[in-house]
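# Examination of the molecular architecture
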Amino acid sequence: MQVMVIGGGISGLTMALSLHQIGVPVRVYEAAREVAPLGVGINIQPNAVRELTELGLGQDLAALGTATQALSFFNKHGQLVWTEKRGREAGFDWPQYSIHRGKLQVMLTEATRARLGSANLRTGHVFESFEQRGDKVVARLRDRRNGDAVIEDEADILVGADGIHSAVRHQLYPQEGEPQFAQQILWRAAIDTAPFLGGATMAVAGHFHQRVIAYPIGPGTKPGTLLTNWIAQMTVPDRAPPREDWSRKVPKERFFDAFKDWRYDWLDMPALIEATDEIFEFPLVDRNPIDRWSFGRVTLIGDAAHPTQPTGSQAGSQAIVDARILTGELLRQTDPVAALAHYDATRRPPMNDVTLRNRNFGPEAALQLAEERAPQGFVDIDDVIPRAEMEEISSSFQKIAGLDPKLLNERASFVPSRA
Ligand SMILES: Cc1cc2nc3c(=O)[nH]c(=O)nc-3n(C[C@H](O)[C@H](O)[C@H](O)COP(=O)(O)OP(=O)(O)OC[C@H]3O[C@@H](n4cnc5c(N)ncnc54)[C@H](O)[C@@H]3O)c2cc1C
């Protein structure tokens, strides 16, 4: 069997490494001419860290990222609403890593080149269309390094891992149109700062319409600092969606005033914004869930399958898990079409659920309750949100996202080691 993966992002490279692990030949086509360390912070949850560890990449992850120990929610006044343990502290056998997305991308690229050979990671190739011919699938691609020459390649299976603007998905759903803009903007950056809240906490403060998120994503360049990812997010009722571009820089004046009073004893947000040179603007977007990912010999993974709002820090992790579950299916089933169909039937419902829950603030729903019930703050949070209600919000999301410690620690591997 030969597999073709379209897209050399987090999901596509994990797919390639996983197929290599089970001895299936694979070629990856990536549109970018060069792999660049683009992006800022991303979270890799224990379910995905388990998968990368089983691919032999656990130590690389540990060296690049921060093992996040707690997730803490605060109201806009900086009062603690809820805190929960994360990663090993929460009982998982694997940590949660907060990491620079570009560093993760480079690490996966280097591992792919080393294991599969550079010839099987073909950059500068833009997928345009596919055709299923008998028991093969043929892709047409544009070779940007060779004057946009059109080439064809054939495989037994084609996996669309080409992100939120997936051209593979577009061929399957030509009427779908652009991603849905949720009328919110995220301003994002990563800078070296002094550690806050113990140096391993992800902090979210505010409410649905305005919030800040800050967390360390690895060692800083200066002694005593950590590379810290921060996000300022706001509803912008009248704005048209800005172009989605992970590299577009904007001036801080665009949003600074709205956050100038968000100064707490545990984090000084205006000082953090002031100290930052490069700020990226990104619209909050996703797509409606679809009712089929697999069509014969073609399927979708990662953001191509279920682009989701970043609430709950799920996109990167679930992309990795998709690739591993699909690989497991291909290992177990002799008929690849049946494998793709089973992956679709089992994986799609929970991921569609995560997408819809994220639109409703996902695990951060407690912050909105705190804002609605106690906009001026509180003396005792238990009087505002009873503990049982808080626990229900947190645990119901974690279960659907595959983040129950007992279930994760005890389940068999998606891709059993052949040793
Ligand atoms: C440049 C970039 C920066 C990002 N930064 C962040 C961040 O800071 N924080 C965060 O949480 N998430 C970030 N993301 C999104 C995050 O990586 C994804 O949500 C998640 O990891 C799922 O990964 P994916 O592999 O499915 O999609 P992606 O990571 O989007 O990867 C898709 C890949 O497919 C390639 N591609 C697209 N179209 C074609 C085509 N027609 N032919 C061939 N290849 C194609 C793209 O170049 C890209 O490399 C970023 C994505 C990108 C592309």
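See the structure shown above.
Here's what I pulled together on the structure shown here. Predicted model, so just to flag it, every value in this text is computed and none were measured. (Residues numbered from 1 in each chain as written. Predicted model: local features only at pLDDT ≥ 70, side-chain atom pairs only at ≥ 80, totals over all residues. Heavy atoms only, no water.)

### Considering the overall build of the protein
- For the protein, the count of helices and strands is 12 helices and 18 strands.
- Viewed in the frame of its principal axes, the protein has a C-alpha envelope of about 65 × 45 × 45 Å.
- For the protein, the exposed area adds up to about 17,100 Å²; of that, 51% sits on carbon and sulfur atoms.
- Here the protein holds 45 positive side-chain charges and 53 negative ones, and the gap between their average locations is 4 Å. (Helix = DSSP H or I, 4+ residues; strand = E, 2+ residues; numbered from the N terminus. Areas by Shrake-Rupley, 256 points an atom, 1.4 Å probe, with all protein chains shown as cover. Lys, Arg positive; Asp, Glu negative; His and termini not counted. Charge placed at Lys NZ, Arg CZ, Asp CG, Glu CD.)

### Structural notes on the nonpolar core
- Core analysis: the largest hydrophobic core is formed by 70 residues, its most contacted members being M15, L52, L104, L108 and L158.
- Residues within four places of L104 in sequence aside, it is in contact with I10, I42, I44, L52, L61 and I99.
- Among the nonpolar cores identified, the runner-up in size contains 29 residues, and V212, A232, V250 and L272 belong to it. (Core = buried A, V, L, I, M, F, W, Y, C linked by side-chain atoms within 4.5 Å. Buried < 20%, exposed > 50% of the residue type's maximum accessible area, 1.4 Å probe, protein only. Contact = heavy atoms within 4.5 Å.)

### Focus on the packing of helix α2 (residues 46-54) against helix α7 (residues 315-332)
- Viewed as axis vectors pointing N to C, α2 and α7 meet at an angle of 50°, and their least axial separation amounts to 8 Å. Compared by their axis directions, α2 and α7 come out oblique. As for how α2 packs across α7, the hand of that crossing is left-handed. Contacts from N47, A48, E51, L52 and E54 of α2 reach α7 at S317, Q318, I320, V321 and R324. (Axes fitted to C-alpha atoms, helices over the stretch in contact; angles between N-to-C directions. Parallel < 35°, antiparallel > 145°, perpendicular 65-115°, else oblique. Left-handed = near helix turned anticlockwise from the far one by under 90°.)

### Some thoughts on unusual backbone geometry
- Backbone geometry at D148 places phi at a positive 65°, although glycine is not the residue there.
- Turning to its location among the elements, D148 is positioned in the loop between β10 (136-143) and β11 (149-155).
- On the basis of relative accessible area, D148 is assigned to the partly exposed category, the value being 38%.
- Look at Q183: it is not a glycine, yet its phi comes out positive at around 65°.

### With respect to the site of the ligand
- Looking at the ligand, there are 29 residues lining it, with S11, E30, V40, R101 and D303 nearest.
- Contact distances for the ligand include 3.1 Å between a nitrogen atom and a backbone N or O atom of A31.
- A distance of 2.9 Å separates a nitrogen atom of the ligand from a polar backbone atom of F127.
- When the ligand is considered free in solution it has 910 Å² of accessible area, and contact with the protein chains removes 84% of it.
- Those elements that provide at least two residues to the shell around the ligand are α1 (10-21), β2 (26-30), β3 (41-44), β9 (125-133) and α7.
- Per-class residue counts for the shell around the ligand are 14 nonpolar, 10 polar and 5 charged. (Near = heavy atom within 4 Å. Polar contact = N/O pair within 3.5 Å; in protein donor to acceptor, adjacent residues only side chain to side chain. Nonpolar A, V, L, I, M, F, W, Y, C, P; charged D, E, K, R; others polar.)

### Some remarks on the layout of surface pockets
- Space inside the second largest pocket adds up to approximately 300 Å³.
- Lining the second largest pocket we find 18 residues, and of these I325, R347, G402, R411 and F414 sit closest to its centre.
- Residue composition of the lining of the second largest pocket, by class: 10 nonpolar, 4 polar and 4 charged. (1 Å grid on protein atoms, 1.4 Å probe; cavity = no way out; pocket = protein on both sides within 12 Å on 5 of 7 lines; lining within 4 Å. Points joined across faces, edges and corners; volume = space filled by probe spheres on them.)

### Some details on the pattern of salt bridges
- Under the counting rule described, the total for this entry stands at 27 salt bridges.
- Residue K249 pairs with E278 through a salt bridge whose shortest N-O separation is 3.0 Å. On the criterion of sequence distance, the pair formed by K249 in the loop between β16 (226-235) and α6 (269-274) and E278 in the loop between α6 and β17 (280-286) is long-range, its members being 29 residues apart.
- Where D268 meets R263, a salt bridge forms, and the shortest distance between an N and an O atom there is 3.2 Å.
- Among the charged side chains, a salt-bridge network with shared partners connects R50, E51, E54, R324 and R411. (Salt bridge = Lys/Arg side-chain N within 4 Å of Asp/Glu carboxyl O.)

### Looking at the sheet that holds β11
- Reading across from one edge, β9-β10-β11 is the order of the 3 strands in this open sheet, with antiparallel pairing throughout. The two strands at the open ends of the sheet, each matched to only one other strand, are β9 and β11. For this sheet, the mean angle separating the axes of adjacent strands, direction not counted, is 25°.
- The sheet contact formed by β10 and β11 spans 7 bridges and is antiparallel. Bridge pairing in β11 places R142 opposite V150. (Pairing = 2+ DSSP bridges.)

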